[in-house]
Amino acid sequence: MNTATTLKNSTAVAIGGFDGMHIGHQQLFKELGDAGAIVVIETGYANLTPDGYRARHTHYPLLYLELETIRHLNGEGFVTLLKEQFPKLSKIVVGYDFHFGKDRRYSHGNLEELFDGEVVVVDEVKLHNDSVHSHKIRHKLSIGDIKGANEFLGYNYTIMGEKEQGQGLGSKKLVATININAREFLMPKEGVYVTTTRLDNEEHFHPSVSFVGHRISTDGSFAVESHILDGKVECEQHAEIQFVDFLRENEKFDSLEALKQQIQKDIALANKTLKRLAL
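Attention in this report is confined to the structure presented alongside it. (Residues numbered from 1 in each chain as written. Predicted model: local features only at pLDDT ≥ 70, side-chain atom pairs only at ≥ 80, totals over all residues. Heavy atoms only, no water.)

Under the criterion given, the structure shown has eight aromatic pairs. Measuring from centroid to centroid gives 5.0 Å for phenylalanine 78 and phenylalanine 100, while their planes differ by 35 degrees, and the two rings are tilted. With a gap of 22 residues between them, phenylalanine 78 in helix H4 (residues 75-85) and phenylalanine 100 in strand E5 (residues 99-100) connect regions that are remote in the sequence. There is no split in this pair, since phenylalanine 78 and phenylalanine 100 are both buried. Ring geometry for tyrosine 193 against phenylalanine 243: centres 5.1 Å apart, planes inclined by 90 degrees, an arrangement best described as edge-to-face. Taken as a pair, tyrosine 193 in strand E12 (residues 191-199) and phenylalanine 243 in strand E15 (residues 238-249) lie far apart in primary sequence, 50 residues in all. By relative accessible area, which is 0% here, phenylalanine 243 ends up buried. (Phe/Tyr/Trp six-rings, centres within 6.5 Å; stacked < 30°, edge-to-face > 60°. Helix = DSSP H or I, 4+ residues; strand = E, 2+ residues; numbered from the N terminus. Buried < 20%, exposed > 50% of the residue type's maximum accessible area, 1.4 Å probe, protein only.)

Packing of helix H6 (residues 134-142) against helix H7 (residues 146-153) leaves a shortest axis separation of 8 Å and a crossing angle of 155 degrees. When the axes of H6 and H7 are compared, the pair comes out roughly antiparallel. In the crossing of H6 with H7, the sense of the turn from one axis to the other is left-handed. Contacts between H6 and H7 involve Lys136, Ile137, Lys140 and Leu141 from the former and Ile146, Gly148, Ala149, Phe152 and Leu153 from the latter. The residue inventory of the contact of H6 with H7, partitioned by class, reads six nonpolar, one polar and two charged. (Axes fitted to C-alpha atoms, helices over the stretch in contact; angles between N-to-C directions. Parallel < 35°, antiparallel > 145°, perpendicular 65-115°, else oblique. Left-handed = near helix turned anticlockwise from the far one by under 90°. Contact = heavy atoms within 4.5 Å. Nonpolar A, V, L, I, M, F, W, Y, C, P; charged D, E, K, R; others polar.)

It is worth spelling out the sheet that holds strand E13 (residues 206-214) at this point. Spatial ordering of the closed barrel is given by E10-E11-E14-E13-E12-E15, a layout of six strands whose pairing is antiparallel. The sheet shows a mean angle of 45 degrees between the axes of neighbouring strands, direction not considered. Pairing of strand E10 (residues 158-163) with strand E11 (residues 178-181) involves two bridges; the strand directions are antiparallel. Each bridged residue has a counterpart across the sheet, and for glutamate 162 the counterpart in E11 is asparagine 181. Each of E12 and E15 is contacted by H7, which is oriented at about 130 degrees to E15, the strand it contacts most. (Pairing = 2+ DSSP bridges.)

Below, the structure is given as structure tokens:
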């Protein structure tokens with residue numbers, strides 16, 4: 001059954017922005033049942049799971065609605081649109097802070113009045129007594145709190161991108177790295193990270209140590225690069241990096257030799273961390 005047919009046959013939908021598809025979002029999806037679908041209100045600001053990357057974190061089909069094309073709708077118009085898209089719709093699932101319609105003037109209370117089926121409102125989801133929201137995940141990433149971000153996400157924060165040419169220094173004077181262009185994703189704080197990396201269409205991830213930031217010890221350019229720890233590998237087209245832990249700040253070194261020595265320390269610590277976590 002193709003996606004369009006599946007959407008038409010869906011009897012329940014969860015509605016939201018769903019950037020990150022984090023553990024709070026997953027609580028909404030648990031209410032969908034067997035014939036559910038996810039309606040993504042696309043604001044254009046998603047950078048945890050940009051574009052179609054949300055689909056990696058759910059088995060439900062997704063319908064993307066551009067905010068600019070629906071923001072003018074009043075409450076009745078929005079519900080009518082949903083019924084047109086989902087003729088068999090009998091349940092709508094939203095979060096406690098859901099708003100919709102022109103100027104965001106409508107809330108789940110209005111939805112319960114306008115929709116003749118069931119409306120399920122999922123309460124605030126907390127972890128360690130802190131409410132889970134996408135903007136908090138972004139903040140955690142910006143300060144290098146990878147562990148905290150991953151806990152909120154329910155998975156290791158992941159970026160993907162096409163392979164791009166590096167400086168050419170790595171394999172000759174430092175260590176070999178794979179460079180990618182992942183600028184549609186939110187970059188975590190500049191620094192060095194314990195990571196795992198998948199190359200091209202491989203099924204498994206390699207243990208790795210990755211750098212995100214400006215190469216302040218060399219040419220100052222911005223880079224996302226990953227060094228594979230379990231042997232020499234080749235990347236033909238693209239790579240995927242999962243962030244496990246923050247190792248250290250981005251630092252300026254007086255010589256390539258000093259930088260190389262620090263990289264060797266980074267590798268040893270990354271190996272130790274990954275072995276402890278059995279990754």
